[in-house]
Structures are given as structure tokens and as C-alpha cells.
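What follows is the residue order along each chain.
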Amino acid sequence: DTRGAFDDLHRSLAAVLEREPGSPLLVRASFETLLGAFITRAQQHRGEMALVIFELEGDKAVRESAGAADFERAIADLGRELRRRLRACDEIGRLGEAQIAAVLPGCDEPSLNLVAERLRVALEGAELSLGSLRISPSLVMAAIPAPLGPASSAERALEELMQALDRARGAGSA
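For the rest of this paragraph, the subject is the overall build of the protein. From N to C terminus, the protein includes six helices and six strands. Starting at the N terminus and ending at the C terminus, the protein contains elements arranged as α-α-β-α-α-β-β-α-β-β-β-α. For the protein, whose C-alpha radius of gyration is 16 Å, the value lies close to the compact-globule estimate of 16 Å for 174 residues. With the principal axes as the frame, the protein shows a C-alpha extent of 50 × 35 × 25 Å. Each of the 174 residues in the protein was classed as buried or not, and the buried ones make up 48%. Relative to all contacts within the protein whose residues are 6 or more apart in sequence, the contacts with residues 24 or more apart total 71%.

Our next topic: the sheet that holds strand 1 (residues 49-56). Spatially, four strands are ordered 2-3-1-6 in an open sheet, and the strand pairing comes out antiparallel. In this open sheet, the two edge strands, each paired with only one partner strand, are strand 2 (91-96) and strand 6 (139-145). In this sheet, adjacent strand axes meet at a mean angle of 20 degrees when their direction is disregarded. Note that strand 1 and strand 6 share seven bridges and pair antiparallel. The residue of strand 6 that forms the bridge with A50 is P145. In the packing of helix 4 (residues 68-84) onto the sheet, the strands contacted are strand 1, strand 2, strand 3 (99-105) and strand 6, and the crossing angle to strand 2 comes to about 150 degrees.

With that settled, the discussion passes to the packing of helix 3 (residues 59-66) against helix 4. Closest axis-to-axis distance for the helix 3/helix 4 pair is 6 Å, and the angle between their directions is 125 degrees. In terms of axis orientation, helix 3 runs oblique to helix 4. Two packed elements cross with a definite hand, and for helix 3 against helix 4 that hand is right-handed. Contact residues: D59, V62, R63 and A66 in helix 3; A68, D70, F71 and E72 in helix 4. Taken together, the residues of the contact of helix 3 with helix 4 break down into four nonpolar, no polar and four charged.

Reading guide: rules and limits
- Each chain carries its own residue numbering, running from 1 in the written order of its sequence.
- This being a predicted model, a pLDDT of at least 70 is required before a residue's local features are given, and a value of 80 or more before pairs of side-chain atoms are given or counted; all residues contribute to the totals for chains, interfaces and linings.
- In computing side-chain properties, one takes all heavy atoms of the structure into account and sets aside hydrogens as well as water.
- For helices the rule is a DSSP run of H or I covering at least 4 residues; for strands it is a run of E covering at least 2, with both sets numbered from the N terminus onward.
- Both definitions apply: the radius of gyration is a C-alpha atom measure, and the globule rule equals 2.2 Å times residues to the power 0.38.
- When a residue's accessible area, from a 1.4 Å probe over protein chains only, is under 20% of the maximum for its type it is buried; when over 50% it is exposed; and in between it is partly exposed.
- Working rule for contacts: check all heavy atoms of both residues, and any pair within 4.5 Å makes them a contact.
- Two strands qualify as a pair provided DSSP detects at least 2 bridges between them.
- The axes are straight lines fitted to the C-alpha atoms, using for helices just the contacting stretch, and the angles between their N-to-C directions are given from 0 to 180°.
- An angle below 35 degrees is treated as roughly parallel, one above 145 as roughly antiparallel, one from 65 to 115 as roughly perpendicular, and anything else as oblique.
- Note: crossing handedness is left-handed where the near helix turns anticlockwise from the far helix by less than a right angle, and right-handed where it turns clockwise.
- All residues other than Ala, Val, Leu, Ile, Met, Phe, Trp, Tyr, Cys, Pro, Asp, Glu, Lys and Arg, Gly among them, are scored as polar; the first ten of these are nonpolar and the last four charged.

Note that all results are geometric; they support no functional claim without further evidence.
This is how it looks when you write it as C-alpha cells:
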């Protein structure tokens, strides 16, 4: 079964994946490695997969007012909040200073927007501690079905995800 194939692959890669210190978030290189392996597995098993990205709005102002260390802790907290709401086979990683992405193996296109919106609402309802400040994050979100054609790669999938994020920023919401 497709889900079992993703679970097996995830377990086999777990030892080589690098996470940010004190965080459930994969570093970008590890996220890309896992994404590439998941794409290959989905192609082999005719499976489905989706990608979601969240970007903390106003991250530069938040970082400046809270300080770098508190900002990093807040991003890690956001990652922990997201991790609690995902399945064991899903994975999360940090793509940029204020960007967290999730890969959702077995998530079909009809379910994607519902799942992504539930995640966004949950994350925006979380309270982040930034030293003496407590904020509820405002997020830009984008979600896409993973490209699984013959020329698909982690690089191409992330490129499409970033384009979707750019469109969401331009629209003022996702």
C-alpha cells in the first residue's frame, strides 16, 4: 500500500535527516532530500502527495523587536504546533527565515485545501512567546499537489510551491 511505502521510506531516512537544534523542523537540505525520495516513491506507487508552506508575516519586524534568539524559539514553537497536528508520515522543514513547509504523502487534491486551511487556522490560533511579548502569528499559506510527472524533482516541487506562495502574498491570502 502507498501509505506503508511512505512510512517505510520515512523510517529508513530518519537517521540521516538533520533537524534544527531544539526543533522538530528539518533543515532545508534534509527536507529537500526527503521530498525527493517521497516524489520518487509516489511515482513508483502511483501515490498522491501535497505540499503546504506557511510564512510568518511581518517576520523582520518581529525579529527586530523580539531579538534573534526569541525569534528562533518562536519558529521552533510554530514547528512543534504544526508537528502536533500532522500524521506520523508527514514531515516538516524550514525553507527560509520565516517559512515552514510540510510534505503530506497520500494527501489527494480534494483534501488538500481543507487540510491546509485547518492547519493555518490552528497555527494562527497558537500563541508564540517572544521574550516578554506574546503574539498570535499571522501567516501567508499556499498549498499545492506535488508535481509527480516524469521530470519531477524536489527542486521543481519547491519552485512551484514558492510560486504559489508568491501568488498568495500578492492576493493578500491563500
